[in-house]
Amino acid sequence: MKYSAKTIGYWISTASVVFVLATGGVADLLHRAGTAGGMTELGYPTYVMTILGFWKVLGAMAIAAPRFPLVKEWAYAGAFFDLTGGLASHIAHGSAWNHLLYTSLFAVAVVVSWALRPDNRRLGVAVFRGYGRVPELESVAQVRVSPPLHAAA
């Protein structure tokens, strides 16, 4: 079976994102000593680990599971916010270069995974008269326009 570069790139980036979210989330939930030390060093209270860990594990499951494209959109956004927020925290704290590098690479992996995801993992959207995206509709032809309220009967 032959796979395209896009498919291979998607699965490599997605596997790394799911792995990082799942293992990081579990480490947060367990309040692993090294993880807790890093959080307090950055100035965060350790209870934040429970919140982040919960959402990281759920995000990993959402990205890995088939279907549920809207949930995937939220999971990708959350992963990107988590990683770029972590990157900003490391920059502000003056952390070692390896923290900046790894956090940056994983944030890029989130974007790559999101951009390369196959159609069956995308949120189907339609454009409605140029006013924005309407995810519930498959095409503009499905839209029923009601008459204006001020029209004479």
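What counts, and where the lines are drawn
- Residues numbered from 1 in each chain as written.
- Predicted model: local features only at pLDDT ≥ 70, side-chain atom pairs only at ≥ 80, totals over all residues.
- Heavy atoms only, no water.
- Axes fitted to C-alpha atoms, helices over the stretch in contact; angles between N-to-C directions.
- Helix = DSSP H or I, 4+ residues; strand = E, 2+ residues; numbered from the N terminus.
- Parallel < 35°, antiparallel > 145°, perpendicular 65-115°, else oblique.
- Left-handed = near helix turned anticlockwise from the far one by under 90°.
- Contact = heavy atoms within 4.5 Å.
- Nonpolar A, V, L, I, M, F, W, Y, C, P; charged D, E, K, R; others polar.
- Salt bridge = Lys/Arg side-chain N within 4 Å of Asp/Glu carboxyl O.
- Buried < 20%, exposed > 50% of the residue type's maximum accessible area, 1.4 Å probe, protein only.
- Patch = residues over 30% accessible without salt bridge, like charges linked within 9 Å, V, L, I, M, F, W, Y side chains within 5 Å.
- Areas by Shrake-Rupley, 256 points an atom, 1.4 Å probe, with all protein chains shown as cover.
- Polar contact = N/O pair within 3.5 Å; in protein donor to acceptor, adjacent residues only side chain to side chain.
- Arc of directions from axis to C-beta.

Participant: Where do I start with the packing of helix H1 (residues 5–29) against helix H3 (residues 47–64) in this structure?
Facilitator: To describe two helices that pack against each other, one gives the angle between their axes and the distance between the axes. Remark: H1 packs on H3, axes separated minimally by 7 Å, with the N-to-C direction vectors making an angle of 150°. One finds that H1 runs roughly antiparallel with respect to H3. The handedness of the crossing between H1 and H3 comes out as left-handed. Across the interface between the two elements, Thr 14, Val 17, Val 18, Leu 21, Ala 22, Gly 24, Gly 25, Val 26, Ala 27, Asp 28 and Leu 29 of H1 pack against Met 49, Thr 50, Leu 52, Gly 53, Phe 54, Lys 56, Val 57, Gly 59, Ala 60, Ile 63 and Ala 64 of H3. Looking at the contact of H1 with H3 residue by residue, the class counts come to 14 nonpolar, six polar and two charged.

Participant: Explain the pattern of salt bridges here, please?
Facilitator: Going through the model one piece at a time under the given rule, you end up with three salt bridges. With a closest N to O distance of 2.6 Å, Glu 73 and Arg 117 form a salt bridge. Here Glu 73, found in helix H4 (residues 69–93), pairs with Arg 117, found in the loop between helix H5 (97–116) and strand S1 (126–127); they are 44 residues apart in sequence, far enough to count as distant. A relative accessible area of 22% places Glu 73 in the partly exposed class. Among the ionic pairs, Asp 119 bridges to Arg 122, the shortest N-O distance being 3.8 Å.

Participant: Can you walk me through the packing of H1 against H5 in this structure?
Facilitator: At their nearest, the axes of H1 and H5 sit 8 Å apart, and the two run at 135° to each other. The angle between the axes of H1 and H5 places the two elements in the oblique class. For H1 against H5, the interelement crossing comes out left-handed. Mapping the contact onto sequence places Lys 6, Gly 9, Tyr 10, Ser 13, Thr 14, Ser 16, Val 17 and Val 20 in H1 and Phe 106, Ala 109, Val 110, Val 112, Ser 113 and Leu 116 in H5. Tallied by class, residues from the contact of H1 with H5 come to eight nonpolar, five polar and one charged.

Participant: I tried to follow a nonpolar patch on the surface on my own but got confused; where do I start?
Facilitator: Together, Leu 29, Tyr 47, Ile 51, Phe 54, Trp 55, Leu 58 and Met 61 line one region of the surface with nonpolar side chains, adding up to about 750 Å² of accessible area. Broken down by element, the residue count for the nonpolar patch peaks at six residues, all from H3. As for its placement among the helices and strands, Phe 54 is situated in helix H3. A relative accessible area of 44% places Phe 54 in the partly exposed class.

Participant: So what exactly am I meant to see when it comes to the side chain of Arg 117 here?
Facilitator: Judged by relative accessible area, which is 4%, Arg 117 ranks as buried. Among the polar contacts made by the side chain of Arg 117, one reaches the main-chain carbonyl oxygen of Arg 121 at a distance of 3.5 Å. Once residues lying within four places of it in the same chain are set aside, the contact partners of Arg 117 are Tyr 10, Glu 73, Tyr 76 and Arg 122.

Participant: I tried to follow the environment of Phe 19 on my own but got confused; where do I start?
Facilitator: Its place among the elements puts Phe 19 in helix H1. The class of Phe 19 is exposed, set by a relative accessible area of 55%. Along the sequence, Phe 19 and Ala 64 sit 45 residues apart, while their C-alpha atoms lie 9.8 Å from each other.

Participant: What is the right way to read helix H2 (residues 33–41) from this model?
Facilitator: Each turn of an α-helix holds 3.6 residues, which means side chains three or four residues apart point in the same direction. Where H2 is concerned, the buried positions are Thr 35, Ala 36 and Met 39. The arc that holds the buried residues of H2, viewed along the axis, is 95°, so those residues lie on one side. Facing away from the buried surface of H2 by more than 90 degrees, the exposed residues are Ala 33 and Glu 41. Immediately downstream of H2, the backbone of Gly 43 shows phi near 100°, a positive value.

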